[in-house]
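Residues per chain are reported as follows:
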Amino acid sequence: MTVDGNPSASRRSRLLYPALIVSLALNLLFIGGMAAAAWHFNKRHARGEFGLLAFARQLPPEHQDAFRKQVLEARASLKDEREAVRSAWLDVNAMLTSEPFDKEKLKTALAKLRETEGQFRAGLNNSFAEIAESVTPEERKLLQAWRDKRKPNFLRRGDIEPHKADGDIKSD
């Protein structure tokens, strides 16, 4: 007597092994991507170099230390202005939740914040001009390219190229 069972019931699906391989590949890809991101993040932030200090790595090695020193001195000279902006910002945020809400006090605090930020930005711009003056013309070209990559989002939109004259519009 033979038992006629369903032969496909005891066999595994043909797609099981390829699906496991694809799943393993995706897991390895994800883990590799996370590891690479962590590696690059730690490498870039290990020295604590942000902004112009990060740009210093693009300069010739003999100019890097002097450039870093100048940037650090500029940052130190603006420490009080930076703290004043932070304090004004916190004051405005505190007024948003204070009861009873006073619109005029908020406007006054916002005006103070705007003025404080303006002073801080003026100091930043003056420091940047001094730093730009201290580098060679070739290094200023590198600085311009670096700044062009970091431009604000509102400058990235639109159909007008930033380096063209006013009347020259990019044509498609």
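The present account deals with the structure reproduced in this document. Note that the structure is predicted; figures quoted are calculated from it, not measured.

Reading the values: rules and limits
Going along each chain's sequence as written, the residues are numbered from 1 onward. Confidence filtering applies because this is a predicted model: local features only for residues at pLDDT of at least 70, side-chain atom pairs given and counted only at 80 or more, and all residues used for totals across whole chains, interfaces and linings. The side-chain figures draw on all heavy atoms in the structure; neither hydrogens nor water molecules are used. Each helix is a run of DSSP H or I of at least 4 residues and each strand a run of E of at least 2, with the numbering of both proceeding from the N terminus. Residue burial is assigned from relative accessible area. The probe radius is 1.4 Å, only protein chains are included, and a residue is buried under 20% of its type maximum, exposed over 50%, and partly exposed in between. Contact definition: two residues touch when any of their heavy atoms are within 4.5 Å. Surface exposure here means Shrake-Rupley accessible area, sampled with a 1.4 Å probe, where a residue is shielded only by the protein chains that are shown. Put simply, buried Ala, Val, Leu, Ile, Met, Phe, Trp, Tyr and Cys residues joined by side-chain atoms within 4.5 Å make one nonpolar core.

A count of helices and strands for the protein chain gives 8 helices and 0 strands. Reading the secondary structure of the protein chain in the N-to-C direction produces α-α-α-α-α-α-α-α. Per-residue burial for the protein chain yields a buried fraction of 17% across its 172 residues. Put simply, 51% of the contacts in the protein chain that link residues at least 6 apart link residues at least 24 apart. Counting only carbon and sulfur atoms, one obtains 58% of the accessible surface of the protein chain, whose full area is about 14,300 Å².

This paragraph deals with the nonpolar core. Counting 13 residues, the largest nonpolar core has Leu 52, Phe 55, Phe 67, Val 71, Ile 131, Leu 143 and Trp 146 as its most contacted members. Sorting the residues of this core by element identifies helix H3 (52-55), helix H4 (61-77), helix H6 (103-133) and helix H7 (137-149) as the ones contributing at least two each. Ignoring anything within four residues of it in the chain, the contact list for Leu 143 reads Leu 52, Phe 55, Phe 128 and Ala 132. With 5 residues, the next largest nonpolar core counts Ala 88, Val 92, Leu 106 and Leu 113 among its residues.

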